[in-house]
Amino acid sequence: MDQQQRQEIYETAKNWIYEAGEQIREHMNEPLGIETKSNANDLVTVLDKQTEKFFVDRIHQVYPDHHIIGEEGFGDTLTNVDGTVWIIDPIDGTMNFVHQKRTFAISIGILHNGVGEIGFIYDVMGDILYHVKRGEGAFKNDVQLAPLDKEKKLSESIIGMNHFWLCENRLVDYTVMQKFVRTVRGTRSHGSASLELAYIAEGVQDAYLALSLSPWDVAAGIILNQEVGGITGDIDGNPWNPLKRSSILVANPAIHDEIVGFIKEGRK
């Protein structure tokens with residue numbers, strides 16, 4: 001993707017995101033038609049579906065040769081990421097959206113031939129847009145984000161992770177992760193993977209671990225962090241696969257290997 005193409009797609013997508021965010025704010029206090037998907041805590045609302053369809057309809061109209069991976073089923077079934085692929089989470093943090101009406105985001109990552117070119121994470125209620133074009137810097141609204149601090153120490157780090165790491169799970173010995181938690185300065189769980197990743201790129205959080213996430217949860221955040229020097233992949237240090245659900249580790253490079261060391265110690 002050349003710079004002119006990237007800029008045109010970026011500007012178009014940015015306008016769509018602001019329009020979708022306004023629609024969410026306008027209708028969020030109406031009946032949400034809440035349903036469950038894989039389990040009782042995996043929620044979806046009418047606005048999740050409407051927002052994804054909003055993007056899909058526009059992409060099909062303006063970019064008919066582009067492909068889409070979307071959470072709510074309006075996208076394509078892909079076996080590769082050739083060409084231009086939009087990876088969309090219309091409302092990342094649906095539980096927050098339903099229960100708290102805040103701390104949720106529109107997340108869109110755009111790949112071209114498997115390379116992350118453009119990313120957007122829009123904190124709808126905060127009206128904060130994290131955005132990136134490959135090789136041109138990452139931004140929080142109009143402020144460019146600095147490269148990540150290469151002198152960061154694990155003992156001074158804030159780590160995004162939820163409580164599932166600290167109880168019986170299928171991947172890692174929880175006692176090792178309890179030792180890890182006692183090593184770092186603190187942990188947080190914001191309930192929106194895309195915002196967790198945005199906070200790493202911003203430098204206000206230093207890593208994020210997740211047991212199992214889908215591509216739409218992290219695509220934009222991975223592109224954003226790659227631009228500021230973050231290390232992205234799965235918990236074993238392998239590259240992220242945009243076509244499958246996987247564990248996720250995104251971290252400041254200064255602490256990445258130490259975190260992987262704890263995970264390897266406890267890996268089942």
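Residue positions are given per chain, counting from 1 as you read along its sequence in written order. The model is predicted, so local features are restricted to residues of pLDDT at least 70 and side-chain atom pairs to those at 80 or more, both for listing and for counting; the totals for chains, interfaces and linings are taken over all residues. Side-chain numbers here rest on the full set of heavy atoms in the structure, without hydrogens or water.

Caption draft 1: Representation of helix α6 (residues 215-228) within the structure. Helix and strand definitions follow DSSP, with helices as H or I runs of at least four residues and strands as E runs of at least two, each counted in order from the N terminus. By this rule, a helix spans an expected 1.5 Å times one less than how many residues it contains. Here α6 spans 20 Å end to end across 14 residues, near enough to the 20 Å set by a 1.5 Å rise per residue. Working definition: with a 1.4 Å probe on protein chains only, accessible area under 20% of the residue-type maximum means buried, over 50% means exposed, and in between means partly exposed. Taken across its 14 residues, α6 has twelve buried, putting it largely inside the fold. Within the sequence span of α6, burial applies to Pro215, Trp216, Asp217, Val218, Ala219, Ala220, Gly221, Ile222, Ile223, Leu224, Asn225 and Val228.

Caption draft 2: View of the environment of leucine 129. Structurally, the position occupied by leucine 129 is in strand β7 (residues 128-133). By definition in these notes, contact holds between two residues if any of their heavy atoms fall within 4.5 Å. Excluding residues within four positions of it along the chain, leucine 129 makes contact with Lys14, Ile17, Tyr18, Phe120, Ile121, Tyr122, Phe139, Lys140 and Asn141.

Caption draft 3: Geometry of the packing of aromatic side chains. Stacked, tilted and edge-to-face are the three classes assigned to paired rings of Phe, Tyr and Trp, where Trp is represented by its six-membered ring and a pair needs centres within 6.5 Å; plane angles under 30 degrees give stacked, over 60 edge-to-face, the rest tilted. Evaluated as defined, the whole model comprises eight aromatic pairs. Between tryptophan 16 and tyrosine 63 the ring centres are 6.3 Å apart and the planes differ by 65 degrees, which places this aromatic pair in the edge-to-face class. Taken together, the residues span a long stretch of sequence, with tryptophan 16 in helix α1 (residues 3-27) and tyrosine 63 in the loop between α2 (46-62) and β3 (67-70) at a distance of 47 residues. Side by side, tryptophan 16 and tyrosine 63 carry an identical accessibility label, which is buried. Residues tyrosine 63 and tryptophan 86 carry aromatic rings whose centres are separated by 6.0 Å and whose planes lie at 35 degrees to one another, so their mutual orientation is tilted. A residue pair is termed long-range when its members are at least 10 positions apart, and tyrosine 63 in the loop between α2 and β3 and tryptophan 86 in strand β4 (residues 84-92) qualify at 23 residues. Residues tyrosine 63 and tryptophan 86 agree in their burial class; the two are buried. Members of the aromatic cluster, joined through ring pairs, are Trp16, Tyr63 and Trp86.

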